[in-house]
Amino acid sequence: MSGRSVEVVLLKAGRTKIRYAAEVVSDDGTVLTVRAAWAGEGVRDFGFVRFEPGDVFTEHYWRDRWYSVKEVRAADGTLKGWYCDITRPATVTPGEVVVEDLDLDLWVSADRSLVLRLDEDEFAASGLTTRDPQAATRAREALDTLELRARQGSDLR
């Protein structure tokens, strides 16, 4: 299983937001872990963290949880933190992992001094609460769970 390549596909509002190659690290049937280089173009400065060429993402995708967790390291191996996407459970096939982004995100700095809930305005504007109230509830619960784990110093996986 490990060492093979897969395509990671992130959907948003039914369209492909980003697609990139990753290498499988492990797959226990519930969680797929992959490693990938920063797939964005150039530097993305969020103000609280910069993603840039050379950064390495170790990404954990669950088939039964409403989120994915991406450990972010600089090119020199220094841990920057964890970027958590609130998503529907991942769909994994031999060559692809597909997740649907539900707009909510959480950033946790390496020293855990910064735990930020992100994009709550996008989530509110997405219409998910009206379109799929059960999914909206699951998304909020997933964000709350991850935030609590981060603030308690627990493993985010």
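Source: prediction; values computed, not measured. (Residues numbered from 1 in each chain as written. Predicted model: local features only at pLDDT ≥ 70, side-chain atom pairs only at ≥ 80, totals over all residues. Heavy atoms only, no water.)

A look at the packing of aromatic side chains
Moving on, step 1. Within the structure shown, the criterion is met by eleven aromatic pairs.
Moving on, step 2. On the basis of an interplanar angle of 70° and a centroid distance of 5.2 Å, the ring pair of F46 and F51 is categorised as edge-to-face.
Moving on, step 3. Judged by its relative accessible area of 25%, F46 is partly exposed.
Moving on, step 4. Site record: aromatic cluster; members linked through ring pairs are W38, F46, F48, F51, F57, Y83 and W107.
Moving on, step 5. Here the guanidinium or amino end of R112 rests over the ring plane of W82, the centre of that ring lying 4.9 Å away. (Phe/Tyr/Trp six-rings, centres within 6.5 Å; stacked < 30°, edge-to-face > 60°. Buried < 20%, exposed > 50% of the residue type's maximum accessible area, 1.4 Å probe, protein only. Lys NZ or Arg CZ within 6 Å of the ring centre and 35° of its normal.)

Focus: unusual backbone geometry
Moving on, step 1. Positioned with a positive phi, D103 is a non-glycine residue whose angle comes to about 80°.
Moving on, step 2. Along the chain, D103 turns up in strand β10 (residues 96–109).
Moving on, step 3. One non-glycine residue, R112, lies in positive phi territory at about 65°.
Moving on, step 4. Here R112 lies in the loop between β10 and β11 (115–118).
Moving on, step 5. Judged by its relative accessible area of 23%, R112 is partly exposed. (Helix = DSSP H or I, 4+ residues; strand = E, 2+ residues; numbered from the N terminus.)

So, the nonpolar core
Moving on, step 1. Residues V69, I86, L146 and L156 are the most contacted members of the largest nonpolar core, which totals 23 residues.
Moving on, step 2. Breaking this core down by element, the ones donating at least two residues are β7 (67–73), β8 (79–87), β10 and α3 (133–152).
Moving on, step 3. It is α3 that provides the largest number of residues to this core, a total of seven residues.
Moving on, step 4. In contact with V69, other than residues within four places in its own chain, are T58, E59, H60, W62, W82, Y83, C84, L146 and L156.
Moving on, step 5. Judged by nonpolar contacts, the second largest core, of 13 residues, contains L10, A22, L32 and Y61. (Core = buried A, V, L, I, M, F, W, Y, C linked by side-chain atoms within 4.5 Å. Contact = heavy atoms within 4.5 Å.)

Function cannot be read off these values alone, since they describe shape.
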